[in-house]
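Tertiary structure, described
Below are the chains, spelled out letter by letter.
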Amino acid sequence: MTDEDDEQAEDYLTWLERFSGEGQLLEHLAGAEPGQTWCSYGDPIEVLVAYTEDSRLLVGRPGVQWNGPAWPKLHVSKIVEAKTRADALPAVKRIRRNRLRTFRRCYYCNELNPPEWFERTAVPGGGTEVVCHSCCGSKLGMVF
Ligand SMILES: [Zn+2]
């Protein structure tokens, strides 16, 4: 964990307070309850943060469910509740760090992808490599 990573986590909370920055307001988030306003941060998404109607802060881990090919549905899990921004910060850092650890670079295009966007698959020439869904289609002829 570097200082830069810590600053990024703090930026996410600042952006949430102002509803500005790179946060994306999420209107249809599986696992969310009424009265919660969720935003996603990072591209690909690293962490989900929400305000509730009664002014609590929630921090959640993003995930994607595939409901049929090409229809990913974002959901939130492992929700942590915090009373203040200072309470929320460690959860933002932890969830973000754990999520970033699951990202992998594609064998073909070298793009960094979250786990829902890549497969571990056999490649021509032998061996198993991480291949993003885009390259699975264009390089390996797989269909999602
Ligand atoms: Zn790729």
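On a predicted model such as this, the values are computed, not experimentally measured, just so you know.

1. Side note on the pairing of strand β9 (residues 128-132)
When strand β8 (residues 118-122) meets β9, the two strands line up antiparallel, connected through five bridges. Among the inter-strand pairings, E119 is bridged to a residue of β9, identified as V131. Between the end of β8 and the start of β9, which pair antiparallel, lie five residues, with G125 showing a positive phi angle near 100°.

2. Topic: the nonpolar core
Nonpolar side chains in soluble globular proteins generally cluster together in the buried interior. In terms of nonpolar packing, the biggest core is built from 22 residues, with Y12, W38, V47, V49, V59 and V92 touching the most fellow members. Broken down by secondary-structure element, the contributors of at least two residues to this core are α1 (3-18), β2 (36-41), β3 (47-52), β4 (57-66), β5 (72-82) and α2 (85-101). Beyond its immediate sequence surroundings of up to four residues, W38 is in contact with L26, L29, A32, L48, A50 and V76. In this structure, C106, F118, V131 and C132 belong to the second largest nonpolar core, which totals five residues.

3. As for the pairing of β3
As defined by bridge partners, β2 adjoins β3 across six bridges and the pair is classed as antiparallel. If you follow Q36 over to β3, its bridge partner there is T52. Hairpin geometry of β2 and β3 is characterised by an intervening segment of five residues between the two adjacent antiparallel strands and by a positive phi of about 95° at G42. Across four bridges, β3 lies against β4 in antiparallel orientation. Within the sheet, the bridge partner assigned to Y51 lies in β4 and is L57. Two successive antiparallel strands, β3 and β4, enclose a turn made up of four residues, where S55 displays a positive phi of approximately 65°.

Cut-off values and rules
Residues numbered from 1 in each chain as written. Predicted model: local features only at pLDDT ≥ 70, side-chain atom pairs only at ≥ 80, totals over all residues. Pairing = 2+ DSSP bridges. Helix = DSSP H or I, 4+ residues; strand = E, 2+ residues; numbered from the N terminus. Core = buried A, V, L, I, M, F, W, Y, C linked by C-beta atoms within 7 Å. Buried ≥ 20, exposed ≤ 12 C-beta atoms within 10 Å, placed from the backbone. Contact = placed C-beta atoms within 7 Å.

The values are spatial; any link to function lies outside them.
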